[in-house]
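What follows is each chain in one-letter form.
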Amino acid sequence: MSERPAKIVAMTDIDALIEAMTVEEKLAQLGCVWSTHLVDDHGFSPDAARRLLAHGTGQITRIAASTGLRPQGVAVFANEIQRFLVEETRLGIPAVIHEESTAGFCARDAVQFPQAIGLGATWDRELVHEIADHIRTEMVAVGARQSLAPVLDVARDPRWGRVEETYGEDPVLAGELGTAYVIGLHGTMPESPADAAGSVRARDGVIATAKHFLGYGLPEGGRNHGPVQLGSRELREVFAEPFAAAIRDAGLSSVMNSYSSVDGLPCASSALILIELLRGELGFTGTVVADYFSVDLLRTFHRVAPTKAVAAAKALLAGMDVELPALDCYAELPPLIEAGIVPIGVVDAAVRRVLAQKEALGLFDDPFVDSDAAPAAFGSPAGVALARRAAVDSLVLLTNDGVLPWDPAESRSNGPGPATVAVIGPASDDVRLLQGDYHYPAHLEIVYGEQSDDAGLLPHAGGAFSPGPHFPPSTTPLAAIRAAVDGTGTTVRHERGCDITGEDRGGIAAAVAAAADADLVVCCVGGRSGLVPDCTVGEARDAVDLDLTGVQLDLLEAVAATGTPIVTVVISGRIHTLARVEELSSATLLAWVPGQEGGSAIADVLFGAVAPCGRLPVSLPRHVGQLPVHYNHRAGGGASAFWGDYSDSPAAPLHPFGFGLSTTTFGYSDLSVDPGTTVAPTTVAVAVTNTGTRDGVEVVQLYAHDETASVARPDRQLVGFARVPLVVGEARTVQFTLHPSRLAFFDDSFDFVCEPGSYRLEVGGWAGSPALTAGLDLGGDLEPYRQVEVVATTVRIS
């Protein structure tokens, strides 16, 4: 139950509260305490709290994502912490409890959705908003009021292990999906950008934290934390754009820094990045929080500070409001404040932003939750159904020779009798492989796994708090296929064949035997996402080889030699090189890291319950030596390079951004363009028809190619998209309203402008392969804009 204590902070005049605070109390508000440092063998420890919370705290680090507590236990623990802060500290200021939620609330019993790269493949703003809204209800139920999500990094290097946490390679797609996520988490839907500022709903909103600012998705060598070498133009137009979109269209409330340096400047101590760019150019007014340990990394990793105190001063003066995951370097600031090296006004400004967000969340009025009611918010049927819908919509069909959808009744190839399907591969029946690096409990392997003692990153307690591998109810491909054919007489055989990693080929012979006697093989291969050494992808799991790991390709080669048609399902957060996989397969289905309903989604597509509609949010390279591969290279880059192909490979990707097949077909017609000017919108309309034999969803993509500009521009840029559901034979008209600010860029004088001139508009298909094209002569004069003023393309479907 939520028992309101006798004492609750009464002084909610923020300026008066700051005036009453000591320096130590102010710095405590700019810090954090690990939740698991506040427990003993019996649970919440008042003694530990008196030691660690004597001056209060700004935040509490991860109750759910560091323990095995179920929702009621998380809520009880949160209430105990808040009660201590309100009743036992001088000023009684409650804390913000932060958690992770990139692919679902990272908590026991919470619904685990597809990893973010899979959500990117849905191209579905409304779906992402619904997912974030569901996450919000789970978090609020247990008292968690800040999420360290979404990840708005633009992923430009597949070697980087954290690509799976992103929405892909394009700033517009990432920006629009990220904006939808932020609005859902905030619990608001601003009617216009002007309404977005300060839009966290007080009683049931959650602070969204966009990360990692800035350039984190293009580290040197694809190495996590690696230095970033980017020009100012690319940094703003590409890597800052998703953050700009979330700021201007969703009132983004918090930003987390990148671990990397950009052109030699560590983001955690760069006023150019955190103040001039983020607050000045992009108009951000919320809090900036440190990625874990990044303040001290200024000393130990970047080597730009000799002591913790100097690291703290550099970070705070550069605009870093809050040190996470614990008050460490900022605790060393009092002598520098007393000496005037760090002005008290800078401290007060950061504290004011922290307290203002607590006030906006309603924490000063009541920081407690009803612990008895908390479990009802978790794992609801509606949430599970949403996870299945998301998983289905994330699946990308890369190749299909007609084998899909598969009908057992029409596919018998080995004589009379029921059909047989062989389900093979290391990812065919392993719930762990359905999880990404920030799913629960995969993320917690760094705590409960064998490597946790060496890693030492996530402190934890034992007993009821122990974060053992408590998986949510999950359906593997094998279980879903068995359920799908139940009652049809179809025989399902299963062989694992091999592991994700390692050289053990002992299971391949049995897999080959199963395949030889089957009418269809479903071979599930992929990766293992996480943060520990046996994982193949995820945070700090970077790679130089993008092929399937271990002997998985050997397994596929051996099974293909039987001649039985193979549907290869790739379950992985890695952007793999799949040319050989596709050659060996009758169909190739990219499932990403689909979460708890992944198996059911895969079966839905295999057996034709739905037509696949996912589209690639990244370009798939042919070979790692081809990198970087993304669709919007500037003029002269990528496949448009002056000298054409490589001497040993095509320059074009295996599959471009936006690519994805369906089991139905779509036609485009009646493209019309009502040209605007540099100050007035252009309207683009096109008719889309389902010309196939199955109901389906088409993702209509609109690209713009600038024929001539003052600087080298991308070959094309995504400027609009729409998901259009169509039953067989149905036609609908999609109308895009393209504002000229969406075409603006930093010119040769580094002014953000829209230039008049000729454009080619590309509609339908995917990047570089449109269904229709049309010219646009954009009239008017050179028009200045600001990046914070860009207007997103609107869509009307009739």
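Because the structure is a prediction, the values reported are computed rather than measured.

Novice: Teacher, can you tell me more about the pattern of salt bridges here?
Specialist: Oppositely charged side chains may form a pair once their charged atoms are brought near each other. This structure, assessed with the given rule, holds 43 salt bridges. Between R634 and E234 there is a salt bridge; the shortest N-O distance is 2.9 Å. Of the two residues, R634 is situated in the loop between α22 (598-606) and β18 (666-674) and E234 in helix α8 (residues 232-239); the sequence distance between them amounts to 400 residues. The network of salt bridges with common partners includes R156, E234, E237, R634 and R713.

Novice: Explanation requested: the pairing of strand β7 (residues 207-213) in the structure shown.
Specialist: On any regular strand, side chains alternate: one points to one face of the sheet, the next to the other face. A large share of β7 lies buried, amounting to 7 of its 7 residues. Sheet analysis places β7 next to strand β8 (residues 254-257), joined by 4 bridges and oriented parallel. Residue T209 lies in a different strand from β8, and its bridge partner there is S254.

Novice: I would appreciate a short explanation of α22 in the present structure.
Specialist: Along an α-helix, a turn takes 3.6 residues, which lines up residues three or four apart on a common side. Counting buried residues in α22 gives 9 out of 9 residues, a clear majority hidden from the surface. Every buried residue of α22 is listed here: G598, G599, S600, A601, I602, A603, D604, V605 and L606. Buried positions along α22 lie against α15 (381-394), α18 (477-485), β15 (520-526), β16 (566-571) and β17 (587-592). Within two residues after α22, G608 carries a phi angle of roughly 85°, on the positive side.

Novice: I keep staring at unusual backbone geometry and nothing clicks. Help me out?
Specialist: Backbone phi values are negative for most residues with the exception of glycine, while trans is the configuration of most peptide bonds. With an omega dihedral of 0°, the bond running from L404 to P405 counts as a cis peptide bond. Following the sequence through the fold, P405 ends up in the loop between β12 (396-400) and β13 (420-424). Cis peptide bonds are those with omega within 30 degrees of zero, and the linkage from L627 to P628 qualifies with 0°. Checked against the element boundaries, P628 lands in the loop between α22 and β18. Positive phi values are uncommon outside glycine, yet W123 reaches one of about 50°. Given a relative accessible area of 1%, W123 falls into the buried group. Of note, W592 is a non-glycine position whose phi angle comes to about 55°, a positive value. Counting through the fold element by element, W592 comes out in strand β17.

Novice: Hey, could you run me through helix α6 (residues 125-141) in this one?
Specialist: With 17 residues, α6 ought to run about 24 Å at 1.5 Å a step, and its terminal C-alpha atoms sit 25 Å apart, in line with that. Among the 17 residues in α6, 12 count as buried, and that is most of the element. Those residues of α6 that fall on the buried side of the exposure criterion are R125, L127, V128, I131, A132, H134, I135, R136, E138, M139, V140 and A141. One side-chain oxygen at the N-terminal end of α6 lies 3.1 Å from the backbone nitrogen of E126; it belongs to D124. Just downstream of α6, G143 is the residue with a positive phi angle, here 85°.

Novice: Looking at this model, I keep getting lost on the sheet that holds strand β4 (residues 59-61). Mind explaining?
Specialist: As a general point, the strands of a sheet are linked pairwise by backbone hydrogen bonds and lie either parallel or antiparallel. If you trace the 7 strands from one edge of the open sheet to the other, you get β1-β4-β5-β6-β7-β8-β11, paired in parallel fashion. Strands with a single pairing partner mark the edges of an open sheet, and in this sheet they are β1 (32-34) and β11 (287-289). One ladder, built from 3 bridges, connects β1 with β4; its direction is parallel. Its bridge partner being in β4, W34 is matched across the sheet by T61.

Novice: Can you walk me through the sheet that holds strand β24 (residues 752-754) in this structure?
Specialist: One open sheet holds the 3 strands; their spatial order is β23-β24-β27, and the pairing between them is antiparallel. At either end of the open sheet lies a strand with only one pairing partner, and these are β23 (745-746) and β27 (783-784). Taken together, the 2 bridges between β24 and β27 define a ladder with antiparallel strand orientation. By the bridge assignment for β27, V753 is matched with P784.

Novice: Sorry, what's going on with the packing of aromatic side chains here?
Specialist: Centre-to-centre distance and the angle between the planes together describe a pair of aromatic rings. In this structure the tally under the stated criterion is 16 aromatic pairs. Look at Y631 and F657: their rings are 4.6 Å apart centre to centre, the planes differ by 10°, and that puts the pair in the stacked class. A residue pair is termed long-range when its members are at least 10 positions apart, and Y631 in the loop between α22 and β18 and F657 in the loop between α22 and β18 qualify at 26 residues. Neither Y631 nor F657 differs from the other in exposure class; each is buried. Measuring from centroid to centroid gives 4.7 Å for F746 and F750, while their planes differ by 25°, and the two rings are stacked. Judged by relative accessible area, which is 31%, F750 ranks as partly exposed. Feature note: the residues W123, Y631, F657, Y703 and F721 constitute an aromatic cluster, connected by ring pairs. The ring of F721 has R125 sitting right over it, with the charged end atom 3.8 Å from the ring centre. Just above the ring of Y438 sits the side chain of K211; from NZ or CZ to the centre is 5.3 Å.

Novice: Help me understand the confidence of the model for the protein in this model?
Specialist: Segments scoring low in pLDDT should not have their predicted coordinates read at a detailed level. Per-residue confidence for the protein gives a mean pLDDT of 93, with 93% of residues at or over 70. Low pLDDT, under 50, characterises residues 1-11; the predicted model gives this stretch 33 contacts beyond four residues in sequence or across chains. The low-confidence segment residues 449-462, where pLDDT is below 50, has 24 contacts with residues more than four positions distant or belonging to other chains.

Conventions used here
Residues numbered from 1 in each chain as written. Predicted model: local features only at pLDDT ≥ 70, side-chain atom pairs only at ≥ 80, totals over all residues. Heavy atoms only, no water. Salt bridge = Lys/Arg side-chain N within 4 Å of Asp/Glu carboxyl O. Helix = DSSP H or I, 4+ residues; strand = E, 2+ residues; numbered from the N terminus. Buried < 20%, exposed > 50% of the residue type's maximum accessible area, 1.4 Å probe, protein only. Pairing = 2+ DSSP bridges. Contact = heavy atoms within 4.5 Å. Expected span 1.5 Å × (residues − 1). Polar contact = N/O pair within 3.5 Å; in protein donor to acceptor, adjacent residues only side chain to side chain. Phe/Tyr/Trp six-rings, centres within 6.5 Å; stacked < 30°, edge-to-face > 60°. Lys NZ or Arg CZ within 6 Å of the ring centre and 35° of its normal. pLDDT = per-residue confidence, 0-100.

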